[in-house]
Protein chains: 2
Amino acid sequence: MAIKIYLSVVVLTLLVAIDAYKIWPHPKEIKTNESFLSIDPKNFTIKSKVNGDCPVLDRAIKRYLDRMFIVDCSRVNEHFRGRYFSNKTENFNKIHGYDGQMTMVLIQVHDKCETIPNTDMNEAYTIKIDKDHSIIDSKSVWGALRGLETLSQMITRAGKNQFRINIGQINDEPRFTFRGFMLDSSRHYLPLHAIYETLDAMEMNKFNVFHWHLVDDQSFPFVSTTFPALSEKGAYRSNFIYTPEDVQKVSHYANDRGIRVIPEFDTPGHTQSWGKGQPNLLTQCYDAKGKPKPNVYGPINPVLNTTYEFIQKLFHEIAQRFPDQYIHLGGDEVEFGCWKSNPILQEFMKTNHFGDDYAKLESYYITKLIDIVQNLNRSYIVWQEVFDNKVNIRPETVVNVWKGNGWPTEMKNVAKAGHHVLLSACWYLNYIGYGTDWYKYYQCDPQNFNGTQQEKNLVIGGEACMWGEFVDASNLISRTWPRACAVAERLWSPESFKDYKNAKPRFHEQRCRMQVLGLKVEPIEGPDFCYCDDAI
Amino acid sequence: MAIKIYLSVVVLTLLVAIDAYKIWPHPKEIKTNESFLSIDPKNFTIKSKVNGDCPVLDRAIKRYLDRMFIVDCSRVNEHFRGRYFSNKTENFNKIHGYDGQMTMVLIQVHDKCETIPNTDMNEAYTIKIDKDHSIIDSKSVWGALRGLETLSQMITRAGKNQFRINIGQINDEPRFTFRGFMLDSSRHYLPLHAIYETLDAMEMNKFNVFHWHLVDDQSFPFVSTTFPALSEKGAYRSNFIYTPEDVQKVSHYANDRGIRVIPEFDTPGHTQSWGKGQPNLLTQCYDAKGKPKPNVYGPINPVLNTTYEFIQKLFHEIAQRFPDQYIHLGGDEVEFGCWKSNPILQEFMKTNHFGDDYAKLESYYITKLIDIVQNLNRSYIVWQEVFDNKVNIRPETVVNVWKGNGWPTEMKNVAKAGHHVLLSACWYLNYIGYGTDWYKYYQCDPQNFNGTQQEKNLVIGGEACMWGEFVDASNLISRTWPRACAVAERLWSPESFKDYKNAKPRFHEQRCRMQVLGLKVEPIEGPDFCYCDDAI
């Protein structure tokens, strides 16, 4: 911590220069001055020096070269009507600080190139821009990707086909290793392009985990090759699905941007749609007279062997389809009413001496689920109820804290028990209200609880969540962004960046930057404008 | 009222048949049964019988023919990926109620065709669909337009290139003559396509007044040919403007859809952007020591002759550019602080024996403004403060009630004073919150105040407002619609349609209908789907 505070002091003394870059999320350390170099896109390359082949980096370089030198609003919308950015021509030689042209940036990656981002991914990098030699230097390819994003934000347009970059050095690494964004594709179906746009926005804000809440009560769009009936009967429509190819495309798109994909298959609650394609999976509910209620089912039935045979096969497939070390197992909001009504479960409770405590039945289920997933060599994330209900979970388990009330106490308790902990509670972006709200997301800090340093070190990061009850592709991007940018900076930048008033001009710049690249981000700060408002 | 109640009873007895049409807003009276006709788009025409030429109707027929027979989601998005609506082929002869094919609808307009919708526009129409002769019958062309919208909603897709329509009769007319939607293009600039999309959505919901809040404190995008500096210096950017051609296009687009365009030029407050291009228009503010505050200005300076010369010329141009009988003069939220600080205004207050009552100074200004507008042969709408401040306004003046607290009392008071009154207070759609909110817009009734029948008759309608502080083209359509549909039905349909639970399936159908036509309307009812969710 001492080092971080020291660095933030250094940063503050260079504030003017920092604002010149307006990078979001803010890097750990920036040194710069008023000198700058010009860039002529036609005479500029990015080269790489990596130990062996590195297709992820090659594709990233191509992608960033394509976005660094935008001269108009044409990407924003096909309706773009020929209104261009300012077309004046600057005579750089007459501008104070001009120090020549930059024609090349070298990216040096020291470790062997990885292809899939992972729990141990190293995202640190340094950038040095100077007259003779400009370089992005990183240990791993993931740092190089983050550096490219930063470089693209450092370059600004000066005039017609003219660009410039300030001379300086950046030393950067994330504060937290887990910087997630959760998307719900069950409450409303989201077409692939909406997911791609989300991943584009995540990349621009250095998020590194896409938590895909694929299925829920309302629909089951995930196509399982082992149990095809799940989506055939559980999807909203036969074409509102994610085929194996779709999932692979999403994973590839994400991984290429240094983003891990963690799927969530939430059980035993939130599974109404599962029951349509998998008979006898859900618990039959009974009425007060002890008769089965026709077509009324509760959470997954935890007392049948067939349940665990199904779970084993399904999660086996899930583990094959998603290479990440972690799977999100859900475990939230299990309603006990139906379980309580079912005589077979009542009998099971007696036999196992669970008394009236249905949390014990839930734990019984989760414990068996966890055993299955562990046997698949996967680790898991769970919503906080699994911890609250005292299920026996392994130390490396990540507990996802989501309940708004008392989250600092919950963080403390989870960390005290020695588990990794992930904060979502203050970042439920689906909750909307009138007016500017990114300040509060910005001010929420996952380590802001009464804990020891050891406990705080167990906070691996946080996750912005966009639940889908009132969101589909019509409003997903505009409602999520730029609000999620606030979470991105909290999770990436040093703790000392906590003043939203200082952050505001950079936040605005980031919104406009996203707009120019074609993301329909909403205005959340009140009356203002971005350059391409007329072309959205 | 008695008749209306009677009709609603008739309607309720035919509920099943009504739901078959799912028309939004609901017509006054529907008679139908289970019989239906098939339609083959390739063998179907709409003919018209009008006294003389009627280009508005010709264009409307072309427009509706183009939207009545949509077979896929291709209009929703250029990313549409070849996933089609159900392609089964129905054998109509085997379906109960099939009564043959409809090949033609005749539109009969009895009055001479009008070209510009106006305060007296007649929007009543009847539709008769039967085996031998299907007709839309209306007095004026505006009724024919409303009938075409209804007809387009009556036709449903049955299979591949197969359509059907139930046999029946509709007798319809609006409950209120003024059904407005207000859009703010000052807080954020809105490109023309966003305005066109708004007008498309309005047409689908039978709104008939586009209240264009063109300018405000933040920007002045309206290009005045008399005072070009207003937009040159007052617009956010030189290209974030509405040229005379733009305004004409918007007017034409609206008028063609039976929508009046009422511009608002709000004075004397909300005019900061006016001051940039018109020196000496705004009031110079003074500090506590009696010194002018550099570059700090208040509302329009009401004591200078030059002010009224400017106002006269500007509104002369406005009257020329907007043909509607009404201009919205604003008059809301005038801050007196700056006026109070200015010694010249203080002197003027003394001379005119206004005491300390700056509302009298405001009235002085508004009275002169009103005289100017009246001399231009225009009527006016004002925000409620003008009435509250006891300005001497003419009887036909429309008072726009917008303050949320105590609006029923305000409605009563305005009507009691004999003025026309327009409700916006409960329909500020810019105020958003989490969850379903259209119910409350649906349940708000402009005549729901303690008044005599005569007073209630002075309620000419209402207006949904979308203020632009947090809205630009990125979220305008998705945030406004389908929420504004609730207001549309309140203003068009008989008072008896007040149960939102009954309305819900139709509301959902209307949202999906708008989506298919390419409007990115949001899901506001919770988890659900429309057919083109995957193509948004």
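Criteria and cut-off values
Residues numbered from 1 in each chain as written. Chains lettered and ligands numbered in written order. Predicted model: local features only at pLDDT ≥ 70, side-chain atom pairs only at ≥ 80, totals over all residues. Heavy atoms only, no water. Helix = DSSP H or I, 4+ residues; strand = E, 2+ residues; numbered from the N terminus. Rg over C-alpha atoms; globule rule 2.2 N^0.38 Å. Buried < 20%, exposed > 50% of the residue type's maximum accessible area, 1.4 Å probe, protein only. Contact = heavy atoms within 4.5 Å. Areas by Shrake-Rupley, 256 points an atom, 1.4 Å probe, with all protein chains shown as cover. Lys, Arg positive; Asp, Glu negative; His and termini not counted. Charge placed at Lys NZ, Arg CZ, Asp CG, Glu CD. Least-squares fit on C-alpha atoms with pLDDT ≥ 70 in both. Buried area = accessible area lost by both parts, 1.4 Å probe. Salt bridge = Lys/Arg side-chain N within 4 Å of Asp/Glu carboxyl O. Disulfide = S-S within 2.5 Å. Polar contact = N/O pair within 3.5 Å; in protein donor to acceptor, adjacent residues only side chain to side chain. UniProt positions renumbered as here; feature names shortened; annotations may be inferred. Domains from an automatic or database assignment. Axes fitted to C-alpha atoms, helices over the stretch in contact; angles between N-to-C directions. Parallel < 35°, antiparallel > 145°, perpendicular 65-115°, else oblique. Left-handed = near helix turned anticlockwise from the far one by under 90°. Nonpolar A, V, L, I, M, F, W, Y, C, P; charged D, E, K, R; others polar. Phe/Tyr/Trp six-rings, centres within 6.5 Å; stacked < 30°, edge-to-face > 60°. Lys NZ or Arg CZ within 6 Å of the ring centre and 35° of its normal. Expected span 1.5 Å × (residues − 1). pLDDT = per-residue confidence, 0-100.

## So, the overall build of chain A
- From N to C terminus, chain A includes 19 helices and 18 strands.
- Expected size for 536 residues packed as a compact globule is a radius of gyration near 24 Å; at 25 Å, chain A falls within 12% of this value.
- Structurally, chain A occupies a C-alpha span of about 90 × 50 × 50 Å along its principal axes.
- Here chain A holds 536 residues, and the buried ones make up 62% of them.
- Of the contacts formed within chain A by residues at least 6 apart in sequence, a portion of 74% connects residues at least 24 apart.
- Entry remark: accessible area of chain A is about 20,500 Å², with carbon and sulfur atoms responsible for 49%.
- Averaging the locations of the 61 positively and 64 negatively charged side chains of chain A gives two centres separated by 2 Å.

## A word on the relation of the copies chain A and chain B
- Rotating chain A by 180° and translating it 0.0 Å along the rotation axis places it on chain B, where the RMSD comes to 0.0 Å. Overall, the copies show the geometry of a two-fold rotation axis. It is G433 of chain A whose C-alpha, among those of chain A, lies nearest the rotation axis, at 2.2 Å.
- Most of the interface of chain A is mirrored in chain B, where 98% of its interface residues again form contacts.

## Here we look at the interface of chain A and chain B
- Taken together, the contact pairs 50 residues of chain A with 49 residues of chain B.
- Across the interface of chain A and chain B, roughly 4,300 Å² is buried in total on both sides, 59% from carbon and sulfur atoms.
- Of all residues in chain A, the largest losses of buried area upon contact with chain B belong to Y434, F470 and P527 of chain A, amounting jointly to 17% of the total for that side.
- Joining chain A to chain B, the criterion identifies four salt bridges.

## Quick notes on the pattern of salt bridges
All names here are of chain A.
- Considering all chains together, one arrives at 50 salt bridges over all chains under this definition.
- Among the salt bridges present, the one from E149 reaches R67, with a minimum N-O distance of 3.1 Å. Taken together, the residues E149 in helix α4 (residues 141–154) and R67 in helix α3 (residues 55–68) connect sequence positions 82 residues apart.
- For E149, a relative accessible area of 1% gives the class buried.
- The buried category is assigned to R67, whose relative accessible area is 13%.

## Considering the state of the cysteines
Residues and elements named next belong to chain A.
- As enumerated under the stated definition, the model contains eight disulfides over all chains in all.
- With its sulfur 2.1 Å from that of its partner, C285 forms a disulfide with C338. Taking the sign of the S-S torsion, -110° for the link of C285 and C338, the bridge is left-handed. Of the two residues, C285 sits in strand β12 (residues 282–286) while C338 sits in helix α10 (residues 337–341), which places them 53 residues apart along the sequence.
- Take C285: its relative accessible area is 5%, and that puts it in the buried class.

## Remarks on the environment of Q374 of chain A
All names here are of chain A.
- Following the sequence through the fold, Q374 ends up in helix α12 (residues 358–375).
- Between the C-alpha atom of Q374 and that of K289, which follows or precedes it by 85 residues, the distance is 41 Å.
- Non-local contacts of Q374, meaning those with residues more than four positions away in its chain, are made with Y380 and R394.
- Within the structure, the side chain of Q374 is placed 2.7 Å from the side chain of Y380, a separation counted as a polar contact.

## Focus on unusual backbone geometry
- Residue P268 of chain A is bonded to the preceding T267 of chain A through a cis peptide linkage, with omega at 0°.
- Positive phi, normally seen in glycine, also occurs at N280 of chain A, with a value near 70°.
- Looking at where N280 of chain A falls in the secondary structure, it is placed in the loop between α8 (272–277) and β12.
- The phi dihedral of H353 of chain B falls on the positive side, at around 55°, and the residue is not glycine.
- Relative to the assigned elements, H353 of chain B resides in the loop between α11 (343–351) and α12 (358–375).
- A relative accessible area of 69% means that H353 of chain B is categorised as exposed.

## Here we look at the side chain of K28 of chain B
All names here are of chain B.
- For K28, the location among the structural elements is in the loop between α2 (15–21) and β1 (29–39).
- Its relative accessible area of 14% is what places K28 among the buried residues.
- Within polar-contact distance, the side chain of K28 engages the side chain of E173 at 2.7 Å.

## Brief notes about the UniProt feature "domain: Glycoside hydrolase family 20 catalytic" (unreviewed entry) in chain A
- In the UniProt entry, the feature "domain: Glycoside hydrolase family 20 catalytic" (unreviewed entry) is given for residues 176–494 of chain A.
- Taken end to end, residues 176–494 of chain A comprises 40% helix and 17% strand; its first and last C-alpha atoms sit 9 Å apart.

## Considerations on the domain arrangement of chain A
All names here are of chain A.
- By the assigned domains, chain A splits into domain 1 (2–172) and domain 2 (178–477).
- Taking the mean C-alpha position of each, domain 1 and domain 2 sit 37 Å from one another.
- The interface of domain 1 with domain 2 comprises 22 residues on the first partner and 20 residues on the second.
- At the boundary of domain 1 with domain 2, total buried surface from both sides reaches about 1,700 Å², with 51% on carbon and sulfur atoms.
- There are four salt bridges connecting domain 1 and domain 2.
- Taking the shortest distance from any N to any O, the salt bridge between E203 and R67 comes out at 3.0 Å.

## Examining the packing of helix α18 (residues 483–492) of chain A against helix α19 (residues 500–516) of chain A
Residue and element names in this part refer to chain A.
- Relative to each other, α18 and α19 sit at 120°, their axes nearing to 10 Å. On the basis of the axis angle, α18 is oblique to α19. When the axes of α18 and α19 are compared, the crossing they make is right-handed. Residues C485, A486 and E489 of α18 form the contact with α19, whose participating residues are A503, R506, F507, Q510 and M514.
- Broken down by class, the residue content of the contact of α18 with α19 amounts to five nonpolar, one polar and two charged.

## Section: the UniProt feature "active site" (unreviewed entry) in chain A
Residues and elements named next belong to chain A.
- Within this structure's numbering, the places UniProt gives as "active site" (unreviewed entry) are E333.
- Take E333: it is sitting in the loop between β14 (326–328) and α10.
- The exposure class assigned to E333 is partly exposed, which follows from its relative accessible area of 40%.

## A word on the packing of aromatic side chains
- What the rule picks out here adds up to 85 aromatic pairs over all chains.
- Taking 6.4 Å as the distance between ring centres and 85° as the angle between the ring planes, the aromatic pair formed by F265 of chain A and W274 of chain A counts as edge-to-face. Assigned by exposure class, F265 of chain A and W274 of chain A land together as buried.
- A cation over an aromatic ring shows up here: K206 of chain A above the ring of W492 of chain A, its NZ or CZ 5.6 Å from the ring centre.
- The ring of F240 of chain B has R237 of chain B lying over it, and the distance from NZ or CZ to the ring centre is 5.5 Å.

## Details of helix α3 (residues 55–68) of chain B
Residues and elements named next belong to chain B.
- Over its 14 residues, α3 extends 20 Å from the first C-alpha to the last, a length consistent with the 20 Å expected when each residue adds 1.5 Å.
- For α3, the full list of buried residues reads V56, L57, A60, I61, R63, Y64, R67 and M68.
- Where α3 is buried, its residues touch β2 (45–51), β4 (104–112), α4 (141–154), β8 (162–172) and α5 (192–204).

## Considering the side chain of R260 of chain A
- As for its position among the elements, R260 of chain A is in strand β11 (residues 260–264).
- If we ignore the near neighbours within four places in the chain, the residues touching R260 of chain A are P117, N118, T119, M121, F178, N208, V209, F210, N255, D324 and Y326 of chain A.

## Thoughts on α5 of chain B
All names here are of chain B.
- An ideal rise of 1.5 Å per residue puts 18 Å on 13 residues; α5 measures up with 19 Å between its terminal C-alpha atoms.
- Among the 13 residues that make up α5, 12 are buried, leaving the element largely enclosed by the rest of the structure.
- All of the buried residues along α5 are L192, H193, A194, I195, Y196, T198, L199, D200, A201, M202, E203 and M204.
- Once α5 ends, the next one or two residues include K206, with phi positive near 60°.

## So, the confidence of the model for chain A
Residue and element names in this part refer to chain A.
- Mean pLDDT for chain A: 92, with 94% of residues reaching 70 or above.
- Scored below 50 in pLDDT, residues 1–18 makes 20 contacts in the model with residues more than four places away or belonging to other chains.
- pLDDT under 50 marks residues 77–85. Its contacts with residues more than four places away, or in other chains, come to 26 contacts.
- Two summary scores accompany this predicted model of the complex, namely pTM at 0.93 and ipTM at 0.92.

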